[in-house]
Amino acid sequence: MRRALSVALATALVLALTPDALAAQQAQLDVHGNFAVGTTTHLHSWGAGAGAQVTFGSTSDPIQLSLSPSLDFLKQEGGSRQTSLSADLDIQPGGGKTVTPYAGISTGANWISGSSGTHAGYETLAGAQVKLSTALTAKAEERFGYVSGQEHSLTTRVGVLLSF
């Protein structure tokens, strides 16, 4: 799965970084909260994060590609703390609609309290963005994946995108 995820991420980046796509990009600040549940232990984790979202392609293109690096913090109830530096890659339909669904993949580096070293993380994600104004978009998504050495988890992420 890791190799397939890496190949998909590299291929999408190469396709996204064409001169036309680079010329038609939009950058937004992504601020979000996270709620995660372990699939085996059902332990809850809460946290928040921030990052940037860069969408490549014009709204008239049939498909747009977004790259979103972010920094997140999670605290497990009665347990460890986790800091993550990750990059999401997703595709969404173009057209500039009010509601835009999207789906993608994520990979990242994770640091967990009480554990030494960096742990790789892998997730799939799906969600929707709702344009509230020209400068403000709400978003909600579900993420499923794992961090090396930990159980799989289902994470709900809710936040806003601020255009600049």
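In what follows, the structure referred to is the one given above.
None of the values given here were measured: they were computed from a predicted structure. Think of each chain on its own: its residues are numbered from 1, step by step along the sequence as written. Only residues with pLDDT of at least 70 are given local features in this predicted model, and only at 80 or more are side-chain atom pairs given and counted; all residues enter the totals for whole chains, interfaces and linings. To obtain the side-chain values, all non-hydrogen atoms of the structure were used and water was disregarded.

Considering the overall build of the chain
The helix and strand labels rest on DSSP assignments: H or I over at least four residues marks a helix, E over at least two residues marks a strand, and numbering proceeds from the N terminus. The helix and strand inventory of the chain stands at two helices and eight strands. Secondary structure elements in the chain, listed N-terminal to C-terminal, are α-α-β-β-β-β-β-β-β-β. For each residue, the accessible area found with a 1.4 Å probe, counting protein chains only, is set against the maximum for its type, and the residue is called buried under 20%, exposed over 50%, and partly exposed in between. Here the chain, with 164 residues, has 37% of them falling under the buried criterion. For the chain, long-range pairs separated by at least 24 residues make up 51% of all intrachain contacts whose partners lie at least 6 apart in sequence. Surface summary for the chain: the accessible area is close to 8600 Å², and the carbon and sulfur share equals 67%. By definition, residues are in contact when any of their heavy atoms lie within 4.5 Å. Residue-level accessible areas treat just the shown protein chains as cover; the underlying method is Shrake-Rupley with a 1.4 Å probe.

Quick word on the pairing of strand 3 (residues 63-76)
Relative to strand 3, strand 2 (residues 44-56) is paired through 10 bridges, and the arrangement is antiparallel. When the sheet's bridge partners are listed, T55 is paired in strand 3 with S66. Where strand 2 folds back onto strand 3 in an antiparallel hairpin, the turn is made up of six residues, including G57, whose phi is positive at roughly 105 degrees. When strand 3 meets strand 4 (residues 81-93), the two strands line up antiparallel, connected through 13 bridges. Each bridged residue has a counterpart across the sheet, and for D72 the counterpart in strand 4 is S84. Any two strands are treated as partners once DSSP identifies two or more bridges connecting them.

Regarding the side chain of S45
For S45, the location among the structural elements is in strand 2. With residues near it in sequence (within four places) discarded, S45 still touches N34, F35, A36, L74, K75 and Q76.

A short note on the packing of aromatic side chains
Aromatic contacts are taken between Phe, Tyr and Trp rings whose centres are within 6.5 Å, Trp giving its six-membered ring; a plane angle under 30 degrees counts as stacked, one over 60 as edge-to-face, and the others as tilted. On inspection of all chains with the given rule, the structure shows two aromatic pairs. Seen in terms of ring centroids, F35 and W46 are 4.4 Å apart; in terms of plane orientation they differ by 50 degrees. Their pairing is tilted. In this pair, F35 is assigned in strand 1 (residues 25-38) and W46 in strand 2, connecting sequence segments 11 residues apart. Look at F35 and you get partly exposed, because its relative accessible area is 24%. Relative to Y146, the ring of Y122 lies with its centre 5.8 Å away and its plane at 50 degrees, an arrangement referred to as tilted. Note that Y122 is positioned in strand 6 (residues 119-131) and Y146 in strand 7 (residues 136-147), a separation of 24 residues in sequence. Taking the relative accessible area as the measure of exposure, Y122 reaches 11% and is therefore buried.

Some points on the sheet that holds strand 3
Taken together, eight strands build a closed barrel; the order of strands is 1-2-3-4-5-6-7-8 and the barrel is antiparallel. The mean angle between the axes of side-by-side strands here comes to 25 degrees, regardless of whether they run parallel or antiparallel. Here an axis means a line fitted to C-alpha atoms, over the contact stretch when the element is a helix, while the angle between two N-to-C directions is reported on a 0 to 180 degree scale.

A few points about the pattern of salt bridges
Think of a salt bridge as a Lys or Arg side-chain nitrogen and an Asp or Glu carboxyl oxygen that are within 4 Å of each other. Applying the stated criterion across every chain yields a total of eight salt bridges. When the shortest N-O distance is used, the salt bridge between E123 and R143 registers 3.0 Å. Taken as a pair, E123 in strand 6 and R143 in strand 7 lie far apart in primary sequence, 20 residues in all. Considered together, E123 and R143 belong to a single accessibility category, that of buried residues. Between K139 and E141 there is a salt bridge; the shortest N-O distance is 3.7 Å. Take K139: its relative accessible area is 6%, and that puts it in the buried class. Overlapping salt bridges bring together D30, D72, D88, E123, K139, E141, R143 and R157 as one network.

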